[in-house]
Amino acid sequence: MAAGVSVPLGASPVGDAVSTRLSLRRELALGLAVFAVYAVVDSMPVTERTAVAEAHGRDLHALEKLLHLDLVTPANRWLSSHPAVATVANYEYATSYVISALIMLGYLYRRRPGRYPVARNSFALINLIGVACFALYPVMPPRLLSGLGFVDTVKQGGTWGSWGTPLIDNANQLAAMPSLHVAWALWVSVELSRISARRDVQVASMLHVLVTVLVTVATANHYLLDAAGAAVLVLLCNVLAERLTAGQRARRAKRARRLRPPDSFFLAVERPGVPQHVGGVILLDDEDGTLDRNRMVGLVRQRLGALPRFRQRPGESGPWRRAVWDDHPDIDWDWHIVERRLPEPGGQAALERLVAELEAEPLPKDRPLWRIVLVPGYAPGRSAVVFLMHHAVADGMGVIAHALRLVEPEIGPVEGGPATPGPRGLRRAAGVALGLFQLATERRQGMRLPSHGTGERRFGSFELPLDELRSLARSYGVRVSDVLLCAVAGGLSRVSPTCEQDTAEARRLRVTVPLMMRTPSTPPEGNYTAAVMADLPIGAMPEPDRLAAIARDTRRLHSGTRALASWFVMRRAAALLPAGLHRAFSRTVYGDRIFQAVVTNLPGLDTELTLAGKPIYGVQPLVPPADGAPLAVGALSWRRRVHFGVTADPVVLEDAGKMAAAMRDVIGELAEAVAGRAGRVAERQG
């Protein structure tokens, strides 16, 4: 079954999963920004800096002679007397440092993304600090100093494309200290050692650094002290980059631990008497009646590494501060995983009463927000596991994904929505704008359902073959979700005295239909849902007529613009609100002011799985009602059968089991109408 109504603008909106992938566009932008800084410094008037740069160059030359480090003079004299070698050296000076650094950056980006941010930061710092040195302390290279006997091997040999030739004659000629040629080559060697590259590759890189130093000196482009300055620069920038990246990762980790607006939304709307945990009743084949709590505890312990929220709880928040997920390593296993046996004689009704009790109990915030309740032998050959998780942790599909991390055999992620990308750019913006207008101009809701908000709950369930529901929907030319909405409206009309209203305006019940915005890359943690509103006709009427009216009403939702707008508000606009204002906003839009019931439709699996050693034959969804909206209905397919779960405030449904039976009757009436129509057609043809 599809998750709710279809979505947007010819494609489907997708959730923004937290991604660690590098952005090539961002990396290129950063490179251009660094180059722009260099260009600004390079554009500074040369005439005002030439005399200062020459003085600094002569000072460095004098210091090298004083320290007996004057290797430039003999090396340059030897190189200038060997023209062929000088040409090779000029090309090496002009190209090798660039090629090696770009190859290193590309390799780290593609093959070592974990190391790349540190390396990129250090490389950027090397260039930025180097450019700052050129601006604050310009140094003329030896080959441009007159009267000291240095030979400019580039001009002597006319090396095409090298430094000092007309092709790049506008390059910064007053940038000897530090030598970025040496710095880039040395940076490559440092990064190769950091990633433990093969020894022969590291040796080749070290030889490249040595050759680069000799070439920069022999071509009289740099002093030996410029190479020493490059070594200090690389060391400094590596230390700074490590600390900078560690700080970035710490801030990123803190942001990742902060509750996203769609998650903190469900902490905000939870009030006394309105618990907001979701989950499912996992039905197990248990012929020998040996459902084992110890095995379940061991299984959860074993899989904790894949279940981060099982070890975290929401911390304190304030008017301006959103809550974060705090680590809570001391798990109270005696509370989180418990065993409850039903009083004799047990049975489905007794199980549903227990589930209603568990739905009414809020999950305490002083511990991780999940609980597993084992119910051995609730019926002959049957056991159950009630899996509960707070809505702040995950939406319906996220809860399923968490549960599937405990099953055997282990399976991959469950797709909660289409994998195709939704509209982008102007098309998406137009869809959001149109959706916001549509939401703002929605007609006001009709009837209200009573709710006393004590937290007391009623639960009922039933199941039907998936193929029958699909066939029924095809017969009427509607969606399976329309059939579900018709069953809710028709069932409520049959069993709730509240629905006996007189005016036509009051005979519309507004329900919210969550839409899953997940893709295969979306993590299980978090809420990735939008919502649309549907108006259901309530009261005595032929069910085919009710279904036709619902299909007409939901047809306007199929463009997906409302879903785009809802997702934008939940995820983007809400992030701009201070925490206190966001809580007030959440309580305003989620409840009886906007809708009266929640109806959700979740995809499931058609795979044979086991939990705690017992085969799973079905899962009944548990959906929490909202404040003042006392009814919640969920449908979930499992192994070709659709399991329905009905949760209600007893003031509107004293017996949710009767509501479940009435929903089944509605679907049966729709099927009978199809059969009758087929019979009449057969008679006419006969």
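In a beta sheet, neighbouring strands are held together by backbone hydrogen bonds and run either parallel or antiparallel to one another. Reading across the sheet, the six strands line up as β7-β14-β13-β10-β8-β9 and stay open at both edges, with mixed pairing between neighbours. Each of the sheet's edge strands pairs with one partner strand only, and the pair in question is β7 (458-465) and β9 (529-537). The average angle at which neighbouring strand axes cross in this sheet is 20°, direction not considered. Note: strand β8 (residues 508-516) against strand β10 (residues 597-605), two bridges, orientation parallel. Looking at β10, one finds that Thr 512 is bridged to Val 598. Here helix α16 (residues 466-476) sits on the sheet and contacts β7, β13 (631-638) and β14 (641-648); the angle it forms with β7, its principal contact strand, is near 80°. Along the sheet, helix α17 (residues 480-495) contacts β8, β9, β10, β13 and β14; its crossing angle with β10, the most-contacted strand, is approximately 140°.

This part covers the nonpolar core. Judged by nonpolar contacts, the single largest core of 56 residues is most densely connected at Val 483, Val 488, Leu 492, Val 511, Leu 631, Phe 644 and Met 663. For Leu 631, the contacting residues outside a window of four places in its chain are Leu 449, Val 488, Leu 492, Gln 596, Ala 597, Val 598, Pro 625, Val 646, Thr 647, Ala 648, Leu 653 and Met 659. Residues Leu 304, Leu 307, Val 407 and Leu 611 belong to the second largest nonpolar core, which totals 45 residues.

What follows concerns the packing of helix α7 (residues 180-194) against helix α9 (residues 224-257). Between two packed helices, what matters for the description is the angle formed by their axes and the separation of those axes. Between α7 and α9, the shortest axis-to-axis distance is 9 Å and the interhelical angle comes to 45°. Looking at the two axes, α7 sits oblique to α9. Where α7 crosses over α9, the handedness of that crossing is right-handed. Facing Leu 180, Val 182, Ala 183, Leu 186, Trp 187, Val 190, Glu 191 and Arg 194 of α7, the residues of α9 in contact are Ala 227, Ala 230, Ala 231, Leu 233, Val 234, Asn 238 and Glu 242. Considered class by class, the residues forming the contact of α7 with α9 number eleven nonpolar, one polar and three charged.

This next bit is on the pairing of strand β1 (residues 277-285). Buried residues dominate β1, accounting for eight of its nine residues. Relative to strand β6 (residues 382-390), β1 runs antiparallel, the two sharing nine bridges. By the bridge assignment, Asp 285 is partnered in β6 with Arg 382. With six bridges joining them, β1 and strand β12 (residues 614-622) adopt antiparallel strand pairing. Paired with Val 281 across the strands is Gln 620, a residue of β12.

Summed over all chains, the structure comprises four cavities of 30 Å³ or more. Of the pockets and cavities examined, the largest cavity occupies roughly 50 Å³. Lining the largest cavity are twelve residues, with Val 274, Ser 451, Arg 457, Ala 626 and Asp 649 positioned closest to its centre. Considering only residue class, the lining of the largest cavity consists of five nonpolar, four polar and three charged. Approximately 40 Å³ is the volume attributed to the second largest cavity.

Residues Arg 249, Arg 251, Arg 252, Lys 254, Arg 255, Arg 258 and Arg 321 make up a contiguous surface patch of positive charge. Summarising the element assignment, Arg 249 is placed in helix α9. A residue is classified by how much of its surface remains accessible, and Arg 249, at 38% relative accessible area, is partly exposed.

Now for the pattern of salt bridges. Charged atoms that come close allow side chains of opposite charge to pair. Across all of its chains, the model carries 34 salt bridges by this definition. Two residues, Arg 271 and Asp 627, come together in a salt bridge whose shortest N-O distance is 3.3 Å. A residue pair is termed long-range when its members are at least 10 positions apart, and Arg 271 in the loop between α10 (261-268) and β1 and Asp 627 in the loop between β12 and β13 qualify at 356 residues. A residue is classified by how much of its surface remains accessible, and Asp 627, at 27% relative accessible area, is partly exposed. A salt bridge links Arg 405 to Glu 525; the nearest nitrogen and oxygen atoms lie 3.7 Å apart. Linking Arg 405 in the loop between α14 (396-404) and α15 (425-440) with Glu 525 in the loop between β8 and β9, this pair joins segments that are 120 residues apart in sequence.

Criteria and cut-off values
- Residues numbered from 1 in each chain as written.
- Predicted model: local features only at pLDDT ≥ 70, side-chain atom pairs only at ≥ 80, totals over all residues.
- Heavy atoms only, no water.
- Pairing = 2+ DSSP bridges.
- Helix = DSSP H or I, 4+ residues; strand = E, 2+ residues; numbered from the N terminus.
- Axes fitted to C-alpha atoms, helices over the stretch in contact; angles between N-to-C directions.
- Contact = heavy atoms within 4.5 Å.
- Core = buried A, V, L, I, M, F, W, Y, C linked by side-chain atoms within 4.5 Å.
- Buried < 20%, exposed > 50% of the residue type's maximum accessible area, 1.4 Å probe, protein only.
- Parallel < 35°, antiparallel > 145°, perpendicular 65-115°, else oblique.
- Left-handed = near helix turned anticlockwise from the far one by under 90°.
- Nonpolar A, V, L, I, M, F, W, Y, C, P; charged D, E, K, R; others polar.
- 1 Å grid on protein atoms, 1.4 Å probe; cavity = no way out; pocket = protein on both sides within 12 Å on 5 of 7 lines; lining within 4 Å.
- Points joined across faces, edges and corners; volume = space filled by probe spheres on them.
- Patch = residues over 30% accessible without salt bridge, like charges linked within 9 Å, V, L, I, M, F, W, Y side chains within 5 Å.
- Areas by Shrake-Rupley, 256 points an atom, 1.4 Å probe, with all protein chains shown as cover.
- Salt bridge = Lys/Arg side-chain N within 4 Å of Asp/Glu carboxyl O.
- Lys, Arg positive; Asp, Glu negative; His and termini not counted.
- Charge placed at Lys NZ, Arg CZ, Asp CG, Glu CD.

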